[in-house]
Amino acid sequence: MAAPRAEVTAYVALGANLGNAEQALRQALAALEGIPGARVQRASSLYRTAPVDASGPDYLNAVAEIATTLTAPALLDALQAIEQAAGRERPYRNAPRTLDLDLLLYGQARIDSPRLTLPHPRMGERAFVLVPLAEIAPQLVSAGALEAVAGQRIERRP
């Protein structure tokens, strides 16, 4: 019998800008709780941000910390299933979306495959990732990284 997998801490970015974005993010957090082998440890506040490299309405964004025994590809599969259930379509790159779940970090893993790159290759360029990540895991985000995205509009929701 195989030994149980050790838990790994993973971080997931959540975003939505179509329909009721706040409801979509709250439902996504609940769905993350429902993934077998994963549990949400904490979640950031919601943040309103302008689209980056895209058009459409403002986004609501958050980041969740997850403890999981799933492998990184299995966690990605679960995230994509949640997106699909929320009606996610991918008509073109950076299209507005009902729900976007990005795996940012998976422990100390470094993965570069056609399907998954970790750490997320663009997370350091995006205030909508770094600001909520810094809220729940300040040790992971340097002052310099936050300064580099300081020109991007981001507003914490009350």
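From a predicted model like this one, the values you see are computed outputs, not experimental measurements.

A. Here's a closer look at the environment of Ala78. Tracing the sequence through the fold places Ala78 in helix α2 (residues 72-85). Sequence separation of Ala78 and Gly34 is 44 residues, and the distance between their C-alpha atoms is 9.9 Å.

B. Molecular detail of helix α1 (residues 21-33). End to end, α1 covers 19 Å across 13 residues, agreeing with the expected 18 Å (1.5 Å per residue, within 8%). All buried positions along α1 are accounted for by Ala21, Ala24, Leu25, Ala28, Leu29 and Leu32. The arc that holds every buried residue of α1, seen down its axis, measures 135 degrees, which confines them to one face. Of the surrounding secondary structure, the elements contacted by the buried residues of α1 are β1 (8-16), β2 (38-43), β4 (59-68), α2 and β5 (100-106).

C. Highlighting the pattern of salt bridges. In this structure the tally under the stated criterion is seven salt bridges. A salt bridge links Arg157 to Glu22; its shortest N-O distance comes to 3.1 Å. Of this pair, Arg157 sits in the segment after β8 (154-156) while Glu22 is found in helix α1, placing the two residues 135 residues apart along the sequence. A relative accessible area of 24% means that Arg157 is categorised as partly exposed. Take Glu22: its relative accessible area is 28%, and that puts it in the partly exposed class. For Asp58, the salt bridge goes to Arg153, with nearest N and O atoms at 2.9 Å. In this pair, Asp58 is assigned in the loop between β3 (47-49) and β4 and Arg153 in the loop between α4 (143-148) and β8, connecting sequence segments 95 residues apart. The exposure class assigned to Arg153 is partly exposed, which follows from its relative accessible area of 43%. Several salt bridges share partner residues, and in doing so they unite Glu22, Arg26 and Arg157 into one network.

Reading the values: rules and limits
- Residues numbered from 1 in each chain as written.
- Predicted model: local features only at pLDDT ≥ 70, side-chain atom pairs only at ≥ 80, totals over all residues.
- Heavy atoms only, no water.
- Helix = DSSP H or I, 4+ residues; strand = E, 2+ residues; numbered from the N terminus.
- Expected span 1.5 Å × (residues − 1).
- Buried < 20%, exposed > 50% of the residue type's maximum accessible area, 1.4 Å probe, protein only.
- Arc of directions from axis to C-beta.
- Contact = heavy atoms within 4.5 Å.
- Salt bridge = Lys/Arg side-chain N within 4 Å of Asp/Glu carboxyl O.

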